Number of protein chains: 2
Amino acid sequence: MKLYHSTSSPNSRRVRMFIAEKGISIQFQPVNLGEKEQFSDWFKAINPRQQVPALVLDDGVTVAEVPAIWRFLEETYPEHPLLGRDAAGKALVTMWERRAELDGFAPTMEGVRNAAAGLKGRALSGPHEYDQIPELVERSKRRVADFYKDFDARLEQVPFVAGAEFSAADITTLVTVDFATRALNMPVPAESSALRRWYDAVAARPGATA
Amino acid sequence: MKLYHSTSSPNSRRVRMFIAEKGISIQFQPVNLGEKEQFSDWFKAINPRQQVPALVLDDGVTVAEVPAIWRFLEETYPEHPLLGRDAAGKALVTMWERRAELDGFAPTMEGVRNAAAGLKGRALSGPHEYDQIPELVERSKRRVADFYKDFDARLEQVPFVAGAEFSAADITTLVTVDFATRALNMPVPAESSALRRWYDAVAARPGATA
């Protein structure tokens, strides 16, 4: 199997860090987003949605979408579980990872895509063209600020986002913080001390460099 | 365990239909959204995000977010799987269900919440207040139209959204079509014959009345 990814894609990083944390080895194939290789015919044949990451299985089937790629890897390599252990654990990782994505990752992406001059007419990733809506940029930043407050409160109660153990929910949260810091100039605020303590611990994991 | 839900909530319907298709029985507890019961102190103690559906487990833990509730139920009651059978199947259901949600369900909800007079200041569900952005309404409708075209093309190839078998991806797609029909006056277009054939078959399942 082969993972199509880009080093500049935060969604690709969510998968690379998952692979690193599981301690498995997958063949990587870079897709050059700067040269718009995701819109090329050869890549559209792999993923018609024209997005990285995409995992091509040995029988040629493409699995796209981060949680879907994670699910395949977790089922195939169950050691070092990152999607939860028992039924309740799996549900709570799903819940908290989703909240990190919907409340943190997605608004960060929305803030970037509706502002960048190079993304005019491409406000949403995927095969369709949609104009930017500048009003979304400020709202996105407010949402990221609310996300930081909510996750700071959560991390006052528990060591990791989904509870007692490191999980995929921490991966999405870490990638969101780094993405918002770099692309929206929104690092974790000084007063969010629980979130900062969590960030320092998780960013120091070897998998975080993936 | 107990499912807090509302008959008027499309997200609640996604869980009710999942339960019906699995043939299991769960205690239901209605939350009256018309009387804003989701914002009450008693419900906030159950789900601080103030959203239905929410499943409270026997030990008092709350599982919220539709895919998380599904995951708990699928792990607990593995018969009649709706989230896939093997590793690739589970990944493909995750992928297609997510596309139905991101490309169909979410824009339908966005179109409704940014237009409804009763939702001023509540453009996004959850604990925070965000103003409506009227420009999103038209874009949402364009996205739903694109979703219908894309899923029509998909259903020309396969009998069910995720492939050969009925799955949670069909549930989200069915709930989206009914929601868009009712709330945006956007039924499946006459020319989308594969999607219409699929709709007729899936809407006739006993679980669709849930």
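Within each chain, residues carry numbers counting from 1 in the order of the written sequence. Here chains are named by letter from A upward and ligands by number from 1 upward, in the order in which they appear as written. Where local features are concerned, this predicted model is filtered to residues with pLDDT of at least 70; where side-chain atom pairs are given and counted, the filter is 80 or more; whole-chain, interface and lining totals use all residues.

Some thoughts on the overall build of chain A
The helix and strand inventory of chain A stands at seven helices and four strands. A run of DSSP states H or I qualifies as a helix once it reaches four residues; a run of E qualifies as a strand once it reaches two. Both are numbered from the N-terminal end. Mapped from its N terminus to its C terminus, chain A presents α and β elements in the order β-α-β-α-β-β-α-α-α-α-α. Taken over C-alpha atoms, the radius of gyration comes to 17 Å for chain A, in line with the 17 Å a tight globule of 210 residues would show. For the C-alpha atoms alone, the extent of chain A along its principal axes is close to 50 × 45 × 25 Å. The exposure scheme places C-beta atoms from the backbone and then counts, for each residue, the other C-beta atoms within 10 Å of its own, assigning buried at 20 or more, exposed at 12 or fewer, and partly exposed in between. Split into buried and exposed, the 210 residues of chain A put 42% on the buried side. When we talk radius of gyration, it's over C-alpha atoms, and the globule rule is simply 2.2 Å times the number of residues to the 0.38.

Focus on the confidence of the model for chain A
Think of pLDDT as the predictor's per-residue confidence, scored from 0 to 100. Of the residues in chain A, 100% have a pLDDT of 70 or more, and the chain-wide mean is 97. For this predicted complex, the interface score ipTM comes out at 0.98, while the overall pTM is 0.98.

Regarding the relation of the copies chain A and chain B
Here the second copy of the chain follows from the first by a rotation about an axis and a shift along it. Superposition of the copies used a least-squares fit over C-alpha atoms from residues whose pLDDT is at least 70 in both. Of the two same-sequence chains, chain A is brought onto chain B (RMSD 0.0 Å, axial shift 0.0 Å) by a rotation of 180 degrees. Taken together, the rotation angle and the small translation identify this as a two-fold axis. Contacts are defined on C-beta atoms placed from the backbone: any two residues whose C-beta positions lie within 7 Å are in contact. A share of 100% of the interface residues of chain A reappears at the interface of chain B, consistent with the copies meeting face to face through the same patch.

Let's talk about the interface of chain A and chain B
The interface of chain A with chain B comprises 27 residues on the first partner and 27 residues on the second. Classes in brief: Ala, Val, Leu, Ile, Met, Phe, Trp, Tyr, Cys and Pro nonpolar; Asp, Glu, Lys and Arg charged; the others, Gly included, polar. Each residue belonging to the side of chain A that touches chain B can be placed in one class, and the counts come to 16 nonpolar, three polar and eight charged.

Looking at the domain arrangement of chain A
Residues and elements named next belong to chain A. Here the bounds of each domain stem from an automatic or database domain assignment. Split by domain assignment, chain A resolves into domain 1 (2-76) and domain 2 (87-209). Taken together, the contacts link twelve residues of domain 1 with eleven residues of domain 2. No other element matches helix 1 (residues 10-22), which puts seven residues into the side of domain 1 that touches domain 2. Each residue belonging to the side of domain 1 that touches domain 2 can be placed in one class, and the counts come to six nonpolar, two polar and four charged.

Thoughts on the environment of A:K22
All names here are of chain A. By secondary structure assignment, the location of K22 is in helix 1. Remark: the alpha-carbon pair of K22 and H80, spanning 58 residues in sequence, is separated by 5.5 Å. For K22, the residues in contact, after removing those within four places along its chain, are L73, Y77, H80 and L82.

Thoughts on the sheet that holds strand 4 (residues 62-64) of chain A
Neighbouring strands of a sheet are bound in pairs by backbone hydrogen bonds; such pairs are parallel or else antiparallel. All names here are of chain A. When DSSP finds two or more bridges between two strands, those strands count as paired. Taken together, four strands build an open sheet; the order of strands is 2-1-3-4 and the sheet is mixed. A strand with exactly one partner marks an edge of an open sheet, and here the two such strands are strand 2 (27-30) and strand 4. Neighbouring strand axes in the sheet, compared pairwise and without regard to direction, differ in orientation by 25 degrees on average. Where strand 1 (residues 2-5) meets strand 2, four bridges bridge the pair, whose relative direction is parallel. Opposite H5, over in strand 2, you have P30 as the bridge partner. Helix 3 (residues 66-76) contacts strand 3 (54-56) and strand 4 of the sheet and is inclined by roughly 120 degrees relative to strand 4. Axis geometry follows a simple rule: fit a line to the C-alpha atoms, using only the stretch in contact for helices, then measure angles between N-to-C directions, giving values from 0 to 180 degrees.

Comments concerning the environment of A:A164
Residue and element names in this part refer to chain A. Relative to the elements of secondary structure, A164 occurs in the loop between helix 5 (135-157) and helix 6 (168-183). A164 sits 81 residues away from L83 along the chain, and the two C-alpha atoms are 13 Å apart. Excluding anything up to four places from it in sequence, A164 contacts V158 and P159.

Structural notes on the nonpolar core
Nonpolar core, as used here: buried Ala, Val, Leu, Ile, Met, Phe, Trp, Tyr and Cys residues forming one set through C-beta atoms within 7 Å. In this structure, A:F18, A:V63, A:I69, B:F18, B:V63 and B:I69 are the most contacted members of the largest nonpolar core, which totals 96 residues. When near neighbours in sequence (up to four residues on either side) are disregarded, B:I69 contacts A:A91, B:V15, B:P53, B:L55 and B:V63.

Here we look at helix 6 (residues 168-183) of chain B
Residues and elements named next belong to chain B. In this model, helix 6 (16 residues) spans 22 Å end to end at C-alpha, consistent with the 22 Å of a helix rising 1.5 Å per residue. Taking burial as the measure, the 16 residues of helix 6 include twelve buried ones, the bulk of the element. Three or more residues of helix 6 are buried, namely A168, A169, D170, I171, T172, T173, L174, V175, T176, V177, F179 and A180. In this fold, the buried residues of helix 6 make contact with helix 1 (10-22), helix 3 (66-76), helix 4 (87-113), helix 5 (135-157) and helix 7 (193-203). Where helix 6 ends, the next residue or the one after it, N185, has phi of about 55 degrees, a positive value. Here, expected helix span is obtained from the residue count minus one, scaled by 1.5 Å.

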